[in-house]
Amino acid sequence: MNKLYITNSLSRQKEEFQPLNPPYVGMYVCGPTVSGESHLGHARPYVTFDVLYRWLMHLGYKVRYVRNITDAGHFEEEGREAEDKVGKKAKLEQLEPMELVQKYTNLYHDMMDELNCLRPSIEPTATGHIVEQIDMIQEIMHKGLAYVSNGSVYFDVIQYAKNNDYGRLSGRVLDEMISGSRDLDGQDEKRHSADFALWKNAPPEHIQRWNSPWGEGFPGWHIECSAMATKYLGAQFDIHGGGMDLQFPHHESEIAQSKTASGKEPVKYWMHNNMITINGRKMGKSYNNTITLRELFFGNHPELKQAFHPMVVRFFILQTQYRGTLDFSNEALMAAEKGFERLINTLASLHNLHHPGAITQGSQDQEFKNLSNALVEQMNDDLNTAQVIATLFELASRFNALKNLQTPWSVISEDIFNQTKSTFTFFINDILALKPSTLAAGDDNALDQTIQILIELRKEAKAKKDYATSDAIRNKLINAGIQLKDEKDGTVSWNKQ
RNA sequence: GGUCGGAUGGCCGAGUGGCUAGGCAGAGCUCUGCAAAAGCUCGUACAGCGGUUCGAAUCCGCUUCCGACCUCCA
């Protein structure tokens with residue numbers, strides 16, 4: 001498979017990826033609502049689409065990656081107590097909305113850095129695009145698919161559905177949604193329960209409010225993504241990503257808005273990552289079962305037996321293909337940690353492993369080549385990072401065997417070795433983007449030189465068969481967090497525990 | 001209630017008709033002064049019941065259980 005295939009939620013099938021305007025690719029991913037701290041569940045889409053972003057660039061595409069920051073309050077509009085999340089929290093904490101939003105935005109950025117996610121090309125904020133949102137709402141009104149009610153503006157889903165397939169993305173049938181909808185207690189300003197807000201009139205106590213042709217208010221839940229995606233990627237773009245829980249109503253409504261405004265199908269490929277579960281249930285605010293990324297990284301949570309390094313978390317996420325659910329547990333994370341360390345240790349030792357030369361044809365050259373090729377095919381097959389990692393482990397075993405002289409060098413030619421080594425390194429460093437979690441030898445020159453002195457002393461003791469001294473040096477270093485390893489070739493390496 | 005998706009060895013997770021991923025844990029072996037690391041070998045799993053087929057974890061039907069969405073949610 002030389003071409004990239006991705007599962008398009010629109011067709012529910014794997015489709016060959018063909019950009020609208022190669023080599024350019026426009027990719028929009030729904031970002032966080034910065035009214036609270038990012039939790040483990042949030043990490044999944046950002047890691048997933050970070051890998052996609054990296055892979056697309058590797059394939060030679062020029063990618064504009066847009067990921068929004070939702071800093072305008074979304075609200076429980078059908079609940080009795082409609083409320084602005086950002087506004088409410090701000091009052092509780094006695095903070096300015098902007099201050100609160102800034103705090104959580106900063107935290108979010110820090111966590112993304114920890115997870116080694118590349119920053120997007122553009123990171124637009126909802127509050128920074130009120131004008132664009134109002135413009136789009138007016139365009140929709142001109143098209144006759146929105147109406148004003150008590151200072152709010154609603155999208156007329158019934159009217160839209162007469163000429164469009166509302167429900168195509170999420171596999172819903174409008175009639176069933178109508179019959180299955182709940183009693184709304186007559187508080188409804190909407191003509192129909194399926195309609196959704198484009199603009200909401202702001203009650204007096206609402207902190208975030210902007211002037212609009214319909215009075216003071218704030219934008220509806222879905223309009224920001226339509227407006228900002230259109231602004232930065234055009235009326236039609238290639239990829240729109242996000243969590244599966246956003247498929248309906250958020251993305252379905254986004255399509256309706258954008259399509260109404262521009263007359264065009266906005267997105268060619270919709271991609272949705274599955275949820276992270278905990279004890280079999282989706283991790284989410286409404287379930288009160290979230291573990292924030294900070295808690296995870298520091299081990300500050302009753303559910304956690306220990307802290308987990310961000311790279312372990314990234315590895316854990318990538319061990320599953322993005323469309324499957326991923327169940328959190330301490331045991332699963334700890335297993336991931338062990339595996340991750342093995343892979344990273346191999347990578348580190350590979351850096352200093354060189355082919356002895358003089359072998360132009362190895363008995364297993366073909367196998368090494370097949371494994372390298374498999375990595376590419378597995379990425380192209382809907383980003384199957386689970387298989388990629390499995391293949392990397394197979395390569396790791398082979399490299400370790402070569403390093404420890406458990407396999408003769410005759411199995412591999414110099415060329416193939418160098419190629420495979422570079423592919424292996426590239427996939428870990430640049431595609432999966434996993435960084436060593438521990439300080440490798442050499443990163444700290446002073447420490448390394450200090451330890452080299454101790455290694456020398458121990459070597460002298462060993463030469464005199466003074467094992468009491470040599471073992472004492474090693475054991476004391478272990479207590480200090482430094483592990484010495486006697487390598488097969490007589491050298492001694494070390495790493496931090 | 002409606003719509004959709006799952007059920008894989010002790011655990012996590014790949015795999016859409018035959019070639020029985022991978023990781024973690026476990027057992028054994030090799031290497032080693034001892035460690036650590038590493039390599040090799042082993043366990044032969046696919047919710048249940050039927051069916052299609054020469055052959056099914058993989059296709060079809062039924063049953064049981066679980067989850068997601070339908071309301072803010074990555």
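As the structure is a computational prediction, the values presented were derived from the model and not from experiment.

Thoughts on the environment of Asp-113
Along the chain, Asp-113 turns up in helix H3 (residues 97-114). Sequence separation of Asp-113 and Pro-310 is 197 residues, and the distance between their C-alpha atoms is 9.4 Å.

Some points on the protein's contact with RNA strand B
In the vicinity of RNA strand B, 64 residues are found, and the nearest of them are Trp-221, Leu-246, Lys-282, Met-283 and Thr-320. Near-protein atoms of RNA strand B (within 4 Å) split between backbone and bases, with sugar and phosphate holding 64%. A distance of 2.9 Å is found between a base nitrogen of RNA strand B and a backbone nitrogen or oxygen belonging to Ile-276. Asn-400 has a polar side-chain atom sitting 3.2 Å from a sugar or linking oxygen of RNA strand B. Among the residues forming the surface near RNA strand B, the class breakdown is 20 nonpolar, 24 polar and 20 charged.

A short note on the layout of surface pockets
If you add up the space inside the second largest pocket, you get close to 1200 Å³. Of all the elements in the fold, those that place two or more residues in the lining of the second largest pocket are helix H11 (330-351), helix H13 (385-403), helix H14 (414-431), helix H15 (445-463), strand E14 (482-486) and strand E15 (492-496). A per-element tally of the lining of the second largest pocket places H11 first, with 9 residues. When residues are assigned to domains, the lining of the second largest pocket turns out to be shared by domain 2 (281-431) and domain 3 (445-496), each giving three or more.

So, the sheet that holds strand E7 (residues 196-201)
The sheet built from 4 strands is open, its strands ordered E5-E6-E7-E8 with antiparallel pairing. A strand with exactly one partner marks an edge of an open sheet, and here the two such strands are strand E5 (146-149) and strand E8 (217-219). Within the sheet, the average angular offset between the axes of one strand and its neighbour, ignoring direction, is 20°. Bridging between E7 and E8 involves 3 bridges; their strand directions are antiparallel. Paired with Asn-201 across the strands is Gly-217, a residue of E8. The strands touched by helix H4 (residues 130-142) are E5, strand E6 (152-155), E7 and E8; relative to E7, the strand with the most contacts, the crossing angle is about 120°.

Here's the deal with the nonpolar core
In this structure, Leu-296 and Phe-424 are the most contacted members of the largest nonpolar core, which totals 84 residues. Per-element accounting of this core gives the leading share, 10 residues, to helix H1 (residues 40-58). Both of domain 1 (17-273) and domain 2 (281-431) provide at least three residues apiece to this core. Phe-424 has contacts with Leu-343, Thr-346, Leu-347, Leu-350, Leu-392, Leu-395, Ala-396 and Phe-399, leaving out every residue within four places of it along the chain.

Brief notes about helix H8 (residues 247-262)
Taking 1.5 Å per residue as the helical rise, H8 with its 16 residues ought to reach 22 Å, and the 21 Å between its terminal C-alpha atoms agrees with that figure. With 12 of its 16 residues buried, H8 lies for the most part within the structure. Of the positions making up H8, those classed as buried are Gln-247, His-250, His-251, Glu-252, Ser-253, Glu-254, Ile-255, Ala-256, Gln-257, Ser-258, Thr-260 and Ala-261. The first or second residue beyond H8 is Gly-263, which carries a positive phi of 80°.

Here we look at the confidence of the model for chain A
Across chain A, the average pLDDT comes to 88, with 90% of residues at or above 70. Within the model, pLDDT remains below 50 along residues 179-187, and this stretch shows 5 contacts once partners closer than five positions in the same chain are excluded.

Comments concerning empty space enclosed by the protein
Scanning all chains against the criterion turns up 2 cavities of 30 Å³ or more. Along the walls of the largest cavity sit 16 residues, with Ser-226, Thr-230, Phe-237, Ser-258 and Pro-266 positioned nearest its centre. Classifying every residue of the lining of the largest cavity by side-chain character gives 10 nonpolar, 5 polar and 1 charged. Empty space within the second largest cavity amounts to approximately 50 Å³. In terms of lining, the second largest cavity is formed by Arg-44, Thr-48, Val-51, Ile-317, Leu-318, Thr-320, Tyr-322, Leu-383 and Thr-385. Of all the elements, H1 adds the most residues to the lining of the second largest cavity, at 3 residues. Grouping the constituent residues of the lining of the second largest cavity by class yields 5 nonpolar, 3 polar and 1 charged. For the lining of the second largest cavity, the domains that each give at least three residues are domain 1 (17-273) and domain 2 (281-431).

About the cut-offs
- Residue indices begin from 1 for each chain and proceed along its sequence in written order.
- Whichever chain is written first is A, and whichever ligand is written first is 1; the rest continue in order.
- With pLDDT at 70 or above as the cut-off, local features in this predicted model cover only qualifying residues; side-chain atom pairs require 80 or more to be listed or tallied, and sums for whole chains, interfaces and linings still use all residues.
- Side-chain metrics rest on all non-hydrogen atoms present in the structure, leaving aside hydrogens and water.
- Numbering of helices and strands runs from the N terminus; a helix is a DSSP stretch of H or I covering at least four residues, while a strand is a stretch of E covering at least two.
- Whether a residue is near a molecule or strand depends on its heavy atoms: if one lies within 4 Å, it is near.
- The term polar contact refers here to a pair of N or O atoms within 3.5 Å; inside protein, the definition further demands a hydrogen-donor-capable atom paired with an acceptor-capable atom, and it admits residues adjacent in sequence only when both atoms are side-chain atoms.
- Residue type decides the class: Asp, Glu, Lys and Arg count as charged, Ala, Val, Leu, Ile, Met, Phe, Trp, Tyr, Cys and Pro as nonpolar, and the leftover types, Gly among them, as polar.
- A cavity here means a set of points on a 1 Å grid, drawn over the protein atoms and nothing else, where a 1.4 Å probe fits but cannot get out; a pocket is an open set with protein on both sides within 12 Å along at least five of seven lines, and a residue lines either one if it has an atom within 4 Å of a point.
- Grid points are joined across faces, edges and corners, and a volume is the space filled by probe spheres set on the points.
- An automatic or database domain assignment is the source of the domain bounds shown.
- Being paired, for any two strands, means DSSP has found at least two bridges between them.
- Fitted lines through C-alpha atoms give the axes, limited to the stretch in contact for helices. The angle between two N-to-C directions lies from 0 to 180 degrees.
- The contact criterion used is simple: two residues touch if any of their non-hydrogen atoms lie within 4.5 Å.
- In this description, a nonpolar core means a group of buried Ala, Val, Leu, Ile, Met, Phe, Trp, Tyr and Cys residues linked to one another through side-chain atoms lying within 4.5 Å.
- The cut-offs for exposure are 20% and 50% of the maximum accessible area for each residue type, with area from a 1.4 Å probe on protein chains only; residues under the lower value are buried, those over the upper are exposed, and the others partly exposed.
- By definition here, a helix of n residues has an expected span of 1.5 Å times n minus one.
- The pLDDT score gives, residue by residue, the confidence of the prediction method on a 0 to 100 scale.

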